[in-house]
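In case you want the letters, here they are:
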Amino acid sequence: QVRLVESGGGSVQAGGSLRLSCVYTYSRNCMGWFRQAPGKEREGVAQINRDGATNYGDSVQGRFTISKDNAKNTLFLEMNGLKPEDTAIYYCAARSLGRPCSSLVDSNYQTWGQGTQVTVSS
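Residues numbered from 1 in each chain as written. Predicted model: local features only at pLDDT ≥ 70, side-chain atom pairs only at ≥ 80, totals over all residues. Heavy atoms only, no water.

*Asks:* What's the story with the overall build of the protein in this structure? I'm lost.
*Replies:* Of regular secondary structure, the protein possesses 0 helices and 11 strands. Helices (α) and strands (β) of the protein occur, in sequence order from the N terminus, as β-β-β-β-β-β-β-β-β-β-β. The principal-axis extent of the C-alpha atoms belonging to the protein is close to 40 × 25 × 25 Å. Here the protein holds 122 residues, and 43% of them are scored as buried. Summing over all exposed atoms, the protein offers an accessible surface of approximately 6,200 Å²; the carbon and sulfur share of this is 45%. With 13 positive and 10 negative side-chain charges, the protein shows a separation of 6 Å between the mean positions of the two kinds. (Helix = DSSP H or I, 4+ residues; strand = E, 2+ residues; numbered from the N terminus. Buried < 20%, exposed > 50% of the residue type's maximum accessible area, 1.4 Å probe, protein only. Areas by Shrake-Rupley, 256 points an atom, 1.4 Å probe, with all protein chains shown as cover. Lys, Arg positive; Asp, Glu negative; His and termini not counted. Charge placed at Lys NZ, Arg CZ, Asp CG, Glu CD.)

*Asks:* Sorry if this is basic, but what is going on with the state of the cysteines here?
*Replies:* Cysteine pairs can be covalently joined through their sulfur atoms, and such a bond is termed a disulfide. Tallied over the full model, the rule gives 2 disulfides. Each disulfide pairs two cysteine sulfurs, and for Cys22 the partner residue is Cys92, the sulfurs being separated by 2.0 Å. One disulfide, between Cys22 and Cys92, carries an S-S torsion of -75° and so falls in the left-handed class. One end of the pair, Cys22, is in strand β3 (residues 18–24); the other, Cys92, is in strand β9 (residues 88–94), and 70 residues separate them in sequence. Look at Cys22 and you get buried, because its relative accessible area is 0%. Here Cys30 connects covalently by a disulfide to Cys101, the sulfurs 2.1 Å from one another. Because the torsion about its S-S bond is 100°, the bridge between Cys30 and Cys101 counts as right-handed. Residue Cys30 is located in strand β4 (residues 30–36), and its partner Cys101 is located in the loop between β9 and β10 (111–112); the two are separated by 71 residues in the primary sequence. (Disulfide = S-S within 2.5 Å.)

*Asks:* Would you take a moment to explain the packing of aromatic side chains for this structure?
*Replies:* Geometrically, a pair of aromatic rings is defined through the distance of the ring centres and the angle of the planes. Under the defined criterion, the tally for this structure stands at 4 aromatic pairs. With centroids separated by 5.0 Å and ring planes inclined at 75°, the aromatic side chains of Phe34 and Tyr109 adopt a geometry described as edge-to-face. Of this pair, Phe34 sits in strand β4 while Tyr109 sits in the loop between β9 and β10, and the two are 75 residues apart along the sequence. Residue class for Phe34 comes out buried when judged on its relative accessible area of 0%. Here a set of aromatic residues connected by ring pairs shows up, and it is made of Phe34, Tyr91, Tyr109 and Trp112. (Phe/Tyr/Trp six-rings, centres within 6.5 Å; stacked < 30°, edge-to-face > 60°.)

*Asks:* Sorry if this is basic, but what is going on with the environment of Val120 here?
*Replies:* When you line up the elements, Val120 lands in strand β11 (residues 116–121). With a relative accessible area of 5%, Val120 lands in the buried category. When the C-alpha atoms of Val120 and Tyr90 are compared, they prove to be 13 Å apart, with 30 residues separating the residues in sequence. Ignoring any residue separated from it by four or fewer positions in sequence, one finds Val120 in contact with Val12, Gln13, Ala14, Leu82, Lys83, Pro84, Asp86 and Thr87. (Contact = heavy atoms within 4.5 Å.)

*Asks:* Whenever I open this one, the side chain of Arg28 confuses me. Can you help?
*Replies:* Position of Arg28 among the secondary structure elements: in the loop between β3 and β4. Here Arg28 occupies a buried position and makes no salt bridge, while the nearest side chain of opposite charge, Glu6, is found at 14 Å. Separated by 2.6 Å, the side chain of Arg28 and the backbone oxygen of Arg95 make a polar contact. (Salt bridge = Lys/Arg side-chain N within 4 Å of Asp/Glu carboxyl O. Polar contact = N/O pair within 3.5 Å; in protein donor to acceptor, adjacent residues only side chain to side chain.)

*Asks:* Sorry if this is basic, but what is going on with the sheet that holds strand β7 (residues 64–69) here?
*Replies:* One open sheet accounts for 4 strands, arranged β1-β3-β8-β7; its pairing is antiparallel. Each of the sheet's edge strands pairs with one partner strand only, and the pair in question is β1 (4–7) and β7. Geometrically, the sheet is characterised by an average inter-axis angle of 15° between neighbouring strands, direction not taken into account. When β7 meets strand β8 (residues 74–79), the two strands line up antiparallel, connected through 6 bridges. Across the sheet, residue Phe64 finds its bridge partner in β8, namely Met79. (Pairing = 2+ DSSP bridges. Axes fitted to C-alpha atoms, helices over the stretch in contact; angles between N-to-C directions.)

Structural data, given as structure tokens:
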């Protein structure tokens, strides 16, 4: 059974930073972060391949950084320069075994965490 558990969400002022964590039970070739605000579609934030290659959604490019610590079975999302538009529930996700990262879309992912709320106030 694959399990992913996110943590690190909270409320911050615009311009602040947060670091999200996702602990997983089994490593996958591709893991990522998505977010969803009320009334909006789920949006790809970032993903990382087993070899460390990354890609990001346009809205967070240059502000967010995805990384992982294989020894600790933990995926991270460092969020800097947060804006009110970043307010959403953030989800950790993993793609099926043997599949490398492709397009940053939720249909490419099969396993999801429960989500952690990020709220950015102006």
